[in-house]
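Observations on chain architecture
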Amino acid sequence: MALKPLHDRVLVRRTESEEKTAGGLIIPENAKEKPAEGVVVSVGAGLRDDDGDRIALDVKAGDTILFGKWSGTEVTVDGEELLMMKESDIMGIIE
């Protein structure tokens with residue numbers, strides 16, 4: 001990976017959205033919503049507290065996460081569209 005996030009930022013790969021509804025109808029590409037679920041690709045080292053010590057992030061590479069619909073900034077790395085967001089934009093880890 002040619003991009004390493006800094007501080008409390010997280011690089012996320014969106015998961016693919018469903019092609020069909022539960023009833024079996026195929027969803028056209030222009031009607032699909034971007035998924036608010038993804039896999040963490042890499043994380044920054046964390047912020048520093050008042051004493052200068054690092055505060056580790058709660059997420060790590062490989063975690064499947066849930067984030068807000070409008071969270072993050074889209075970036076293209078090695079021809080792949082990824083999201084760069086702050087850890088605070090992440091709502092939870094899917095286990």
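Please read these numbers as outputs of a predicted model, since none were measured by experiment.

Taken together, the side chains of L66, M91 and I94 define a hydrophobic patch exposed on the protein surface, amounting to about 280 Å² of accessible area. With respect to the element layout, M91 can be found in strand 8 (residues 90-94). Residue M91 is classed as exposed on the basis of its relative accessible area of 59%.

What follows is about the pattern of salt bridges. Overall, the coordinates contain 3 salt bridges when judged by the stated rule. Put simply, D8 and K86 hold a salt bridge, and the shortest N to O gap is 3.8 Å. Separated by 78 residues along the polypeptide, D8 in the segment before strand 1 (9-14) and K86 in strand 7 (residues 80-86) bring together distant segments of the chain. A relative accessible area of 10% places D8 in the buried class. Residue classification places K86 among the partly exposed residues on the basis of a relative accessible area of 36%.

What follows is about the sheet that holds strand 2 (residues 37-43). With antiparallel pairing, 6 strands are arranged side by side in an open sheet as 6-7-1-2-5-8. With one partner strand each, in any of the chains shown, strand 6 (73-77) and strand 8 form the two edges of the open sheet. The sheet shows a mean angle of 45 degrees between the axes of neighbouring strands, taken without regard to direction. Pairing between strand 1 and strand 7: 4 bridges, direction antiparallel. Its bridge partner lying in strand 7, V12 is registered against L83.

V10, V12, V40, V43, L57, V59, I65, F67, L83, M85 and I90 form the largest nonpolar core, which has 11 residues in total. Secondary structure elements with two or more residues in this core: strand 1, strand 2, strand 5 (64-67) and strand 7.

What counts as what
Residues numbered from 1 in each chain as written. Predicted model: local features only at pLDDT ≥ 70, side-chain atom pairs only at ≥ 80, totals over all residues. Heavy atoms only, no water. Patch = residues over 30% accessible without salt bridge, like charges linked within 9 Å, V, L, I, M, F, W, Y side chains within 5 Å. Areas by Shrake-Rupley, 256 points an atom, 1.4 Å probe, with all protein chains shown as cover. Salt bridge = Lys/Arg side-chain N within 4 Å of Asp/Glu carboxyl O. Helix = DSSP H or I, 4+ residues; strand = E, 2+ residues; numbered from the N terminus. Buried < 20%, exposed > 50% of the residue type's maximum accessible area, 1.4 Å probe, protein only. Pairing = 2+ DSSP bridges. Axes fitted to C-alpha atoms, helices over the stretch in contact; angles between N-to-C directions. Core = buried A, V, L, I, M, F, W, Y, C linked by side-chain atoms within 4.5 Å.

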